[in-house]
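# Coordinates in review
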Amino acid sequence: MSDSNSQGNETGDRAESSPNQGINWGAVKEKLTGNLIDTTLWVTRLCTVFFCIAFIFPIFGNQSSHYQKSLLGNAATSALRLHQRLPPFQFSREFFARMFAEDSCHYLFYSLIFMTGHPVTMVLMPLLLFAVLHSSTFTLQLFTLMQAESSWVGRQLRSLVEQHQRNLLRIIACSEIFIMPAIIFLMFT
């Protein structure tokens, strides 16, 4: 009889302590501090998402300010991506050819060009969707390190990213295609 009680207490103790043992905060801290550029990219993408949503749903603050901050967040993300992908600066034709071939350079110019004009909601769509896609991917990496990917939130986020990644990329491509005629139309109105 005492054996069954001791087994019941051990099982109960393990059930109570397993949620604390499942989260590996040390690995998360190590990833965040070890990869400072990736962490900064994640934070700038989250800022881009926040300010895009704040622009679309103007609950607080100045809507024009949120528009510029979302473009500024994307410009910072693009500049960091360029820093990651390019070799050290050289004043040569090959370096500039490689720089202008990068998508990050295109999005940096995209953000800088539209930052000076009047707010256009359609301009924020590719920025918002890219920021959501890439920040959720990094968040999934953090969930994997925390060993919390088996939680409900981790499973839902993983399935959303896997199921809708291709659709998001298609929407981004279509919105980029439709922005050019829309901007030309807006120039003449």
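On a predicted model such as this, the values are computed, not experimentally measured, just so you know.

## Notes on the packing of aromatic side chains
Here the distance between the centres and the angle between the planes together describe a pair of aromatic rings. Enumeration according to the criterion identifies 12 aromatic pairs in this entry. Between the aromatic rings of W42 and F138, the centroid separation amounts to 5.4 Å while the plane-to-plane angle is 45 degrees, which identifies the pairing as tilted. With a gap of 96 residues between them, W42 in helix α3 (residues 36-56) and F138 in helix α7 (residues 121-146) connect regions that are remote in the sequence. When the ring of F89 is compared with that of F96, the centres are 5.9 Å apart and the planes differ by 80 degrees; the resulting orientation is edge-to-face. When its relative accessible area of 56% is taken as the criterion, F89 is described as exposed.

## Notes on the nonpolar core
Core analysis: the largest hydrophobic core is formed by 20 residues, its most contacted members being Y67, L71, Y110, F114, V123, L124 and L127. Elements that contribute at least two residues to this core include exactly α3, α4 (63-85), α6 (103-115), α7 and α8 (152-187). Considering each element in turn, this core owes the most residues, seven residues, to α7. In this structure, L71 is in contact with S111, F114, M115, V123, L124 and L127, ignoring residues within four places of it in sequence. If you look at the next biggest cluster of nonpolar residues, it comprises seven residues, including L82, F95, M99 and L108.

How each quantity is defined
- Residues numbered from 1 in each chain as written.
- Predicted model: local features only at pLDDT ≥ 70, side-chain atom pairs only at ≥ 80, totals over all residues.
- Heavy atoms only, no water.
- Phe/Tyr/Trp six-rings, centres within 6.5 Å; stacked < 30°, edge-to-face > 60°.
- Helix = DSSP H or I, 4+ residues; strand = E, 2+ residues; numbered from the N terminus.
- Buried < 20%, exposed > 50% of the residue type's maximum accessible area, 1.4 Å probe, protein only.
- Core = buried A, V, L, I, M, F, W, Y, C linked by side-chain atoms within 4.5 Å.
- Contact = heavy atoms within 4.5 Å.

Take it as geometry only, folks, not as evidence of what the structure does.
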